[in-house]
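So you can see what is in the structure, the chains are spelled out below.
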Amino acid sequence: RSGEMAKLTQLIDNEVFRAYATYATIVLLKMMLMSLITAYFRISRKAFVNPEDTASFGKGESAKKYLRTDPDVERVRRGHMNDLENIVPLLGIGLLYALSGPELSTALLHFRIFTGARIVHTFAYLIPLPQPSRVLSWAVGYAVTISMAYKVLKTTLYL
Amino acid sequence: RSGEMAKLTQLIDNEVFRAYATYATIVLLKMMLMSLITAYFRISRKAFVNPEDTASFGKGESAKKYLRTDPDVERVRRGHMNDLENIVPLLGIGLLYALSGPELSTALLHFRIFTGARIVHTFAYLIPLPQPSRVLSWAVGYAVTISMAYKVLKTTLYL
Amino acid sequence: RSGEMAKLTQLIDNEVFRAYATYATIVLLKMMLMSLITAYFRISRKAFVNPEDTASFGKGESAKKYLRTDPDVERVRRGHMNDLENIVPLLGIGLLYALSGPELSTALLHFRIFTGARIVHTFAYLIPLPQPSRVLSWAVGYAVTISMAYKVLKTTLYL
């Protein structure tokens with residue numbers, strides 16, 4: 001089976017594919033970080049949603065008061081949701097784009113701008129920065145994804 | 001490195017893989033459209049969720065009244081969420097299905113029905129059409145995904 | 001085109017890739033099951049969110065009372081959302097990990113633990129089991145994903 005492994009290794013050795021792997025992983029790790037930030041705010045603000053999560057605060061009314069929404073928790077959750085909505089398209093379209101044979105420099109430009117835009121978006125959402133910083137960083141990531149989708153469809157179109 | 005690039009090009013030249021790339025991209029672009037529709041309704045209905053988004057409407061109470069939920073905005077968001085819940089499985093299972101060596105005509109049938117069902121689902125949700133149009137279009141996409149998952153597991157099962 | 005098909009077949013014949021395909025499909029099917037459980041609770045608890053879904057219960061006030069949230073429905077939906085937040089990273093990072101040439105036994109360990117942790121997480125959320133069962137099962141899946149991301153970045157890093 002060494003022949004097959006060689007082929008797989010060659011896929012991961014391709015520079016465009018390596019760039020995709022690197023940036024896709026970074027942007028997914030950034031998204032995963034939102035779970036930890038949500039947990040941090042839930043614990044520090046004492047704002048939970050499941051009764052079993054407040055059991056350690058005692059029983060009855062004393063624990064029930066921690067079953068509440070908190071503006072900071074909800075803000076992180078909206079940022080997390082926005083990540084999902086935008087990173088899922090990037091994952092799929094970016095993989096197909098990486099396989100569609102783009103120039104390495106063009107591909108790097110797409111991946112770097114998308115990743116940078118999503119990091120700026122996270123800061124813009126969590127601090128929060130005044131608008132239009134959040135909407136602009138969202139739009140940049142969106143436009144980069146559209147640009148990759150155009151290349152994929154131009155290369156592969158098979159309806 | 002031309003040998004590696006050739007191999008990648010060959011992957012994207014495979015007709016089943018090209019069909020997957022085309023339909024996965026179309027269905028992801030359709031999902032991304034939901035963000036724009038949400039933005040359109042938020043602006044036209046003046047219904048926002050982040051205080052910084054209403055800053056341009058003035059300060060204090062005059063801006064605060066636009067921090068509210070709107071039924072049309074919430075409807076689009078539910079459609080977007082349903083897309084995420086159903087298109088994420090399609091992305092993963094569809095890719096593995098495309099690599100599992102299906103007949104081209106069978107694969108095209110799966111991809112076309114899934115994509116059509118999700119487009120009908122979007123119209124059924126947003127207009128909205130009377131039930132059972134939404135639940136049926138959802139079920140068709142769901143069943144197509146299960147059918148592809150069955151083929152993947154039959155081909156690859158390695159526990 | 002038989003040469004190309006052979007190459008695709010070889011990819012799916014690689015044991016690590018087959019293991020990824022199997023476990024990714026299982027974990028996606030498990031996530032899709034959440035839709036059915038949500039539908040089951042919506043119908044049995046008569047708790048709907050779209051007016052067109054309650055039309056069969058009659059018109060006006062008699063149907064309107066079924067437009068309400070139900071704690072069991074909301075619990076399943078939170079479990080579904082947690083799946084999305086954690087299975088999307090697994091899909092992307094797991095695919096890249098499978099292509100990064102890990103040892104078969106190490107890869108199997110990662111995929112099995114992740115899948116097991118997400119199944120335990122679902123039971124812990126839906127029954128619900130007392131904490132820390134839910135948070136621990138979540139953390140195990142999270143740690144396995146981080147471990148795979150580390151391997152991907154170590155193998156492919158190309159910034």
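Residues numbered from 1 in each chain as written. Chains lettered and ligands numbered in written order. Predicted model: local features only at pLDDT ≥ 70, side-chain atom pairs only at ≥ 80, totals over all residues. Heavy atoms only, no water.

Engineer: Report on the interface of chain B and chain A, specifying residues and quantitative values.
Structural biologist: Between chain B and chain A, the contact holds 39 residues from the first and 38 residues from the second. Summed over both partners, the interface of chain B with chain A comes to about 3400 Å²; 68% of that surface belongs to carbon and sulfur atoms. For the pair chain B and chain A, the interface holds three salt bridges. When the shortest N-O distance is used, the salt bridge between Arg134 of chain A and Asp53 of chain B registers 2.9 Å. Connecting chain B to chain A are twelve residue pairs in polar contact (both at pLDDT 80 or more). Counting only elements with at least two residues in the side of chain B that touches chain A, the list comes to helix H1 (2-13), helix H2 (15-44), helix H4 (71-99) and helix H5 (104-126) of chain B. Looking at the side of chain B that touches chain A, the element that brings in the most residues is H2 of chain B, giving 18 residues. Class assignment of the residues belonging to the side of chain B that touches chain A gives a composition of 26 nonpolar, five polar and eight charged. (Contact = heavy atoms within 4.5 Å. Buried area = accessible area lost by both parts, 1.4 Å probe. Salt bridge = Lys/Arg side-chain N within 4 Å of Asp/Glu carboxyl O. Polar contact = N/O pair within 3.5 Å; in protein donor to acceptor, adjacent residues only side chain to side chain. Helix = DSSP H or I, 4+ residues; strand = E, 2+ residues; numbered from the N terminus. Nonpolar A, V, L, I, M, F, W, Y, C, P; charged D, E, K, R; others polar.)

Engineer: An account of the confidence of the model for chain A is needed here, citing residue identities and associated values.
Structural biologist: Residues and elements named next belong to chain A. Per-residue pLDDT for chain A has a mean of 92; in total, 94% of the residues score no lower than 70. Confidence drops under a pLDDT of 50 for residues 1-6, and excluding neighbours within four residues, the segment shows eight contacts in the predicted structure. This prediction of the complex comes with two scores: 0.93 for pTM and 0.92 for ipTM. (pLDDT = per-residue confidence, 0-100.)

Engineer: Provide a residue-level description of the relation of the copies chain B and chain A, including the pertinent values.
Structural biologist: With an RMSD of 0.0 Å, the operation that places chain B on chain A is a rotation of 120° combined with a shift of 0.0 Å along the axis. Such values leave the two copies arranged in the relation of a three-fold axis. Distance from the rotation axis, computed per C-alpha, reaches its smallest value in chain B at Val88 of chain B: 4.2 Å. (Least-squares fit on C-alpha atoms with pLDDT ≥ 70 in both.)

Engineer: Lay out the interface of chain A and chain C in plain terms, naming residues and giving numbers.
Structural biologist: Listed per partner, the contact involves 39 residues of chain A and 38 residues of chain C. Put simply, chain A and chain C have three salt bridges between them. Residue Arg134 of chain C is joined to Glu52 of chain A by a salt bridge in which the shortest nitrogen-to-oxygen separation is 3.4 Å. Across the chain A-chain C interface, the total number found is twelve residue pairs in polar contact (both at pLDDT 80 or more). When residues of the side of chain A that touches chain C are traced back to their parent elements, those giving at least two are helix H1 (2-13), helix H2 (15-44), helix H4 (71-99) and helix H5 (104-126) of chain A. Ranked by residues supplied to the side of chain A that touches chain C, first place goes to H2 of chain A with 18 residues.

Engineer: For the relation of the copies chain A and chain C, give the residues involved together with the corresponding values.
Structural biologist: Once chain A is rotated about the relating axis by 120° and shifted along it by 0.0 Å, it coincides with chain C to within an RMSD of 0.0 Å. Each copy contacts the other with its own distinct surface, as only 18% of the interface residues of chain A are interface residues in chain C too.

Engineer: Account for the packing of aromatic side chains, naming residues and giving values.
Structural biologist: If you walk through the whole model with that rule in mind, you get 24 aromatic pairs over all chains. Relative to Phe41 of chain A, the ring of Tyr40 of chain A lies with its centre 5.3 Å away and its plane at 70°, an arrangement referred to as edge-to-face. Taking the relative accessible area as the measure of exposure, Tyr40 of chain A reaches 53% and is therefore exposed. Aromatic side chains Tyr23 of chain B and Phe111 of chain B sit 6.5 Å apart centroid to centroid with 35° between the ring planes, which places their arrangement in the tilted category. Of the two residues, Tyr23 of chain B sits in helix H2 while Phe111 of chain B sits in helix H5, which places them 88 residues apart along the sequence. Under the relative-accessibility criterion, Tyr23 of chain B is labelled buried at 9%. One aromatic cluster in this structure is built from Phe17, Tyr20, Tyr23, Tyr97 and Phe111 of chain A. It is Arg134 of chain B that lies over the ring of Tyr125 of chain B; its NZ or CZ is 4.4 Å from the centre. (Phe/Tyr/Trp six-rings, centres within 6.5 Å; stacked < 30°, edge-to-face > 60°. Buried < 20%, exposed > 50% of the residue type's maximum accessible area, 1.4 Å probe, protein only. Lys NZ or Arg CZ within 6 Å of the ring centre and 35° of its normal.)

Engineer: Please set out the UniProt feature "transmembrane region" (unreviewed entry) in chain A residue by residue, giving values where relevant.
Structural biologist: Residue and element names in this part refer to chain A. In the numbering used here, UniProt assigns the feature "transmembrane region" (unreviewed entry) to residues 20-41 and 84-101. The span residues 20-41 is 100% helical and 0% strand by assignment, and the distance between its end C-alpha atoms comes to 32 Å. End C-alpha to end C-alpha, residues 84-101 measures 26 Å, and it is 89% helix and 0% strand. (UniProt positions renumbered as here; feature names shortened; annotations may be inferred.)

Engineer: If you had to explain the side chain of Glu52 of chain B to someone new, which residues and values would you point to?
Structural biologist: Relative to the helices and strands, Glu52 of chain B is located in the loop between H2 and helix H3 (61-64). A relative accessible area of 13% means that Glu52 of chain B is categorised as buried. Side-chain polar atoms of Glu52 of chain B contact the side chain of Arg134 of chain A, separated by 3.4 Å.

Engineer: I'd like a rundown of H4 of chain B, residues and numbers included.
Structural biologist: For an α-helix the count is 3.6 residues per turn, leaving residues at separations of three or four pointing the same way. Residues and elements named next belong to chain B. Taking 1.5 Å of rise per residue, the 29 residues of H4 would be expected to cover 42 Å, and the 42 Å separating its terminal C-alpha atoms lies within 8% of that figure. The largest bend in H4 comes to about 25°, at Asn86, with the proline Pro89 one to four residues further on. Most of H4 is tucked away, with 24 of its 29 residues classed as buried. Sitting at the head of H4, Asp70 places a side-chain oxygen 2.8 Å from the backbone nitrogen of Asp72. One or two residues past the end of H4 sits Gly101, with phi positive at roughly 75°. (Expected span 1.5 Å × (residues − 1). Bend = angle between axes of the 7 residues up to and from the residue.)

Engineer: Give a detailed account of the environment of Leu90 of chain C, specifying residues and quantitative values.
Structural biologist: Residue and element names in this part refer to chain C. Counting through the fold element by element, Leu90 comes out in helix H4 (residues 71-99). For the pair Leu90 and Val140, spaced 50 residues apart in sequence, the C-alpha separation works out to 12 Å. Contact partners of Leu90, with chain neighbours within four places excluded, come to Tyr20, Val27, Leu95, Phe114, Thr145 and Met148.

Engineer: Explain the side chain of Asn86 of chain A to me, using residue names and the numbers behind them.
Structural biologist: All names here are of chain A. One can find Asn86 in helix H4. When its relative accessible area of 5% is taken as the criterion, Asn86 is described as buried. When sequence neighbours within four positions are dropped, the list of residues in contact with Asn86 reads Phe114, Arg118, Trp138 and Tyr142.

Engineer: Which residues make up the nonpolar core, and what are the values?
Structural biologist: Within the largest apolar cluster, 108 residues are counted, with the highest numbers of intra-cluster contacts made by Val88 and Phe111 of chain A, Phe17, Val88 and Phe111 of chain B together with Val88 and Phe111 of chain C. Setting aside its immediate chain neighbours within four residues, Phe111 of chain C contacts Val16, Ala19, Tyr20, Tyr23, Gly94, Tyr97, Ala98 and Met148 of chain C. (Core = buried A, V, L, I, M, F, W, Y, C linked by side-chain atoms within 4.5 Å.)

Engineer: Let's hear about the pattern of salt bridges: which residues, and what values?
Structural biologist: For the coordinates displayed, the defined rule picks out 21 salt bridges over all chains. With a shortest N-O distance of 2.8 Å, Arg75 of chain C and Glu52 of chain A are connected by a salt bridge. In this pair, Arg75 of chain C sits in helix H4 while Glu52 of chain A sits in the loop between H2 and helix H3 (61-64), so the two residues belong to two different chains. The burial state of Arg75 of chain C is the same as that of Glu52 of chain A; both residues are buried. Its salt-bridge partner being Asp83 of chain C, residue Lys30 of chain C comes within 2.6 Å of it at the nearest N-O pair. Of the two residues, Lys30 of chain C sits in helix H2 (residues 15-44) while Asp83 of chain C sits in helix H4, which places them 53 residues apart along the sequence. According to the relative accessible area criterion, Asp83 of chain C is buried, its value standing at 1%.

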